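Tertiary structure, described
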2 protein chains.
Amino acid sequence: MTVLASIEEQDIAALMRDMGIHARKAALKLAQIPSAPKTDALKAAARKLRENAETILTANARDMEAARTKGISAAMLDRLALDPARVEAMAAGVEAVADLPDPVGRELARWSPEHNGLDIARVSVPLGVIGIIYESRPNVTADAGAMCIKSGNAAILRGGSESFHSSRAIFDCMAAGIVEAGLPEHAIQMIPVTDRAAVGEMLKLSDYIDVIVPRGGKSLISRITDESRIPLFKHLEGLCHTYVHASANAAKAVDIVVNAKMRRTGICGATETILIDSSIAGRLLPRIAEALVNKGCELRGDETAQAIDGRIKPATDEDWVTEYQDAIVSIKVVRGVNEAVEHINTYGSHHTDAILAEDADATTTFLNGVDSGIVIVNASTQFADGGEFGMGAEIGISTGKLHARGPVGVEQLTSYKYIVRGTGQTRP
Amino acid sequence: MTVLASIEEQDIAALMRDMGIHARKAALKLAQIPSAPKTDALKAAARKLRENAETILTANARDMEAARTKGISAAMLDRLALDPARVEAMAAGVEAVADLPDPVGRELARWSPEHNGLDIARVSVPLGVIGIIYESRPNVTADAGAMCIKSGNAAILRGGSESFHSSRAIFDCMAAGIVEAGLPEHAIQMIPVTDRAAVGEMLKLSDYIDVIVPRGGKSLISRITDESRIPLFKHLEGLCHTYVHASANAAKAVDIVVNAKMRRTGICGATETILIDSSIAGRLLPRIAEALVNKGCELRGDETAQAIDGRIKPATDEDWVTEYQDAIVSIKVVRGVNEAVEHINTYGSHHTDAILAEDADATTTFLNGVDSGIVIVNASTQFADGGEFGMGAEIGISTGKLHARGPVGVEQLTSYKYIVRGTGQTRP
């Protein structure tokens, strides 16, 4: 890949349009390629990643130095940093995607209407061209690229400027694997300039890109939502709730709540608000509070919760709509499952919400009533993850309802077409 | 329904926002309602339509008179006109939707990952709130409204101003059926003003409307595409092709091509371009041309086609991208299936395309290669229809790839959620 030094060397709009045209052509070819070459390409790419680990780490060192000079945050530096173990994990990840069943060409349904005798099949096909816009994590280049290839889609990748050299080194390995297996050269492309204007031009390419997957923080996603003329698979915030019903098993509830909040506080499946029934709060809330405080969690709650446990600080209205991504939790005492459902539908982010209960009616009301992609009974919200779902890999967790909801795996990167077989039928 | 006399009586933005809030609340309730009340509501609505046929026809006469005064086209007048038979057909259509299987609550997949023992089910749920924007056909009020209710979605209907009174009379019947069966009052709402500004405000309600279904001509759809911040199920033009391969059965080919073009020229599944292999064109094209001319079809073709049959007039580049919706067809002579596939993917609208062939390899190449929602072998493109597919009713035929492709029936008006059942699992 040639890296263009600056915007003056090329008209960005023309560059992006060319990439779009190339991607569409590659996509039409990819849609007709059987499983084996796609698997081969990913296996070859994984091998290239291992063989070129040193080149990748050198490129990463360059990015890290520039990032440190720019004074970016420690959290961002950690997301940017690669080491031999992370490169190996990336290669293994690409192999894991290679080993998934081919999501393309599955017969999703087949029937024959009696009155015309046509043989109608709904068959999975690739979406076409997928644009991935991400920030500092260079491994997205390999993960997302691999998922697109596995699902027969062409990909246009746009990494963050701070991870540019790392992503480029990884991209070169992916591209080499693709060429080695004889897939179309433009099956994966990476935008060769870091100019912000390239994103704006990319979001206009609705003729050439079928869906955009934004992977990053709120400000990235909100910019893309505003600008895009292309549909998005949006992974918005995970403002997840765990509701402790009166019928909950107390010991399990303490364990699950602590895990849901504190296992990893920075992931989207982390619980941010605990709802607990008033009839058991007096007895159970102090045990939950104790266990959370022991793990270093700050507690904020409504007046009832504060009255029950003195360690709970006052929560404001802002707390119910805040995804802390930190060791802080908000706690509300509710009167039954309907109030819990209403709170979640009002303040939640339609991501993942759990009920802890032994009562079947309450469970059913909760599972049916909560309007979220994932609803869980008697387990931790931290299971909201494509890997935990057995989907192999995910490109994000969709909080939208259209096309893909919940973890977006390779199956969700497909559409379908109807194949209709006749024997000469004309329509009366 | 109160009809507001003019924009001054109400702030349109506030009106639309209120409708959105009501719709979202109704949708959350509808999602939890079992099959029987939804079916009952539609049966009651059908009965109301029959009982109030006279009121509906009187309202329609008022619309027709205003339309004639405005001098609208004969085609539009025909779409607007109702008579007792059309009202009966509308009632029967609502009953047919009532009798469809409930598309909500289907278990689409269920599995249990070994390493965590969770029981994971993917279950169909309503999309939520669907906005329908349509033009002169008043029956859309009943058809689309019924499909939304059947699939547990709340609907906000916006009919064309020329069919306002007819649509309102129909809407009143639907609303009465809904109230009679005890469904939420705002399960279906109709915008009570005819101001164009209401559409603009509606398209901003991304917090309250999940998907917009535009039903109308190109200018309506292009305006909505430009303005909408809400995803669309787009039914764009149907620029359909029928490709006659060298291995086609000649007699069947003539019948199918004539039916595909001429059965009804105004529907989206009508063939607009015939592609025919050069090796058989000399023999078969004159027979096809003869049959089409006998039906009153104008023929336009490339130079080779013109040389073969003198009745074929010259086609310009514009012809390959024109959806005539009329008794005109463009004809191109191609050298084999790959050229046919390339022509279709370049000039087509990804709607419906057919191959007439007895050769299995050519058929496979065509079915895999053509990037359209419906690909047909040895049958007429005019079968592109939800009813013909056995889907009962359709709200349109999607030419997009996301969520719904091809005929959009009640199943396609659903999303899914993951229901995860645990026994106390925490994530390691």
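What counts, and at which threshold
Residues numbered from 1 in each chain as written. Chains lettered and ligands numbered in written order. Predicted model: local features only at pLDDT ≥ 70, side-chain atom pairs only at ≥ 80, totals over all residues. Heavy atoms only, no water. Contact = heavy atoms within 4.5 Å. Buried area = accessible area lost by both parts, 1.4 Å probe. Salt bridge = Lys/Arg side-chain N within 4 Å of Asp/Glu carboxyl O. Polar contact = N/O pair within 3.5 Å; in protein donor to acceptor, adjacent residues only side chain to side chain. Helix = DSSP H or I, 4+ residues; strand = E, 2+ residues; numbered from the N terminus. Phe/Tyr/Trp six-rings, centres within 6.5 Å; stacked < 30°, edge-to-face > 60°. Buried < 20%, exposed > 50% of the residue type's maximum accessible area, 1.4 Å probe, protein only. Lys NZ or Arg CZ within 6 Å of the ring centre and 35° of its normal. Axes fitted to C-alpha atoms, helices over the stretch in contact; angles between N-to-C directions. Parallel < 35°, antiparallel > 145°, perpendicular 65-115°, else oblique. Left-handed = near helix turned anticlockwise from the far one by under 90°. Nonpolar A, V, L, I, M, F, W, Y, C, P; charged D, E, K, R; others polar. Pairing = 2+ DSSP bridges. Domains from an automatic or database assignment. UniProt positions renumbered as here; feature names shortened; annotations may be inferred.

1. Description of the interface of chain B and chain A
Contacts between the two partners involve 75 residues from chain B, matched on the other side by 76 residues from chain A. Of all residues in chain B, Leu402(B), Tyr418(B) and Arg427(B) give up the largest surface area on contact with chain A, accounting jointly for 14% of the area buried on that side. Salt-bridge contacts for Arg427(B) lead to Glu388(A); the nearest nitrogen and oxygen are separated by 3.4 Å. At the junction of chain B and chain A, the tally comes to 46 residue pairs in polar contact (both at pLDDT 80 or more). A total of 11 residues in the side of chain B that touches chain A trace back to one element, the largest contributor, which is strand E16 (residues 414-425) of chain B.

2. Quick word on the packing of aromatic side chains
For the structure shown, the criterion picks out 8 aromatic pairs over all chains. For the ring pair Tyr243(A) and Phe366(A), a centre distance of 6.0 Å and an interplane angle of 20° mean the geometry is stacked. On the criterion of sequence distance, the pair formed by Tyr243(A) in strand E7 (residues 240-244) and Phe366(A) in helix H14 (residues 360-369) is long-range, its members being 123 residues apart. For Tyr243(A), a relative accessible area of 0% corresponds to the buried category. Judged by relative accessible area, which is 0%, Phe366(A) ranks as buried. Considering the side-chain rings of Trp111(B) and Tyr418(B), the 6.3 Å spacing of their centres and the 80° angle between planes classify their relative orientation as edge-to-face. Note that Trp111(B) is positioned in strand E1 (residues 107-111) and Tyr418(B) in strand E16, a separation of 307 residues in sequence. By relative accessible area, Trp111(B) is classed as partly exposed at 24%. Among the aromatic residues, ring-to-ring pairing joins Trp111(A), Tyr416(A), Tyr418(A) and Phe389(B) into one connected group. Lying over the aromatic face of Tyr416(A), Arg122(A) brings its terminal NZ or CZ to 5.3 Å of the ring centre.

3. Thoughts on the packing of helix H5 (residues 84-98) of chain B against helix H6 (residues 140-150) of chain B
Residue and element names in this part refer to chain B. Two numbers describe how H5 lies on H6: the axes approach to 9 Å, and their chain directions differ by 15°. The orientation of H5 with respect to H6, classified from their angle, is roughly parallel. As H5 packs across H6, the resulting crossing turns out to be right-handed. When H5 is examined against H6, the residues Met90, Val94, Val97 and Ala98 are found in contact with a partner set consisting of Ala142, Ala146, Met147 and Lys150. A class-by-class count of the residues in the contact of H5 with H6 yields 7 nonpolar, no polar and 1 charged.

4. Focus: the sheet that holds strand E6 (residues 211-215) of chain B
All names here are of chain B. Strand order in the open sheet formed by 4 strands is E5-E4-E3-E6, and the pairing between neighbours is parallel. Among the strands making up the open sheet, the edge pair consists of strand E5 (188-190) and E6. Mean inter-strand twist for the sheet, computed between neighbouring axes without regard to direction, equals 20°. Strand direction decides the pairing type here: strand E3 (residues 129-134) and E6, joined by 5 bridges, are parallel. Note on E6: the bridge partner recorded for Tyr134 is Arg215. The strands touched by H6 are E3, strand E4 (154-158), E5 and E6; relative to E3, the strand with the most contacts, the crossing angle is about 165°. The strands touched by helix H7 (residues 164-180) are E3, E4 and E5; relative to E5, the strand with the most contacts, the crossing angle is about 160°.

5. A closer look at the domain arrangement of chain A
Structurally, chain A comprises domain 1 (7-233 + 408-419) and domain 2 (240-388). Each of domain 1 of chain A and domain 2 of chain A was reduced to a C-alpha centroid, and the two centroids are 36 Å apart.

6. Observations regarding the UniProt feature "domain: Aldehyde dehydrogenase" (unreviewed entry) in chain A
Here the UniProt-annotated "domain: Aldehyde dehydrogenase" (unreviewed entry) positions come out as residues 22-292 of chain A. The span residues 22-292 of chain A is 51% helical and 16% strand by assignment, and the distance between its end C-alpha atoms comes to 53 Å.

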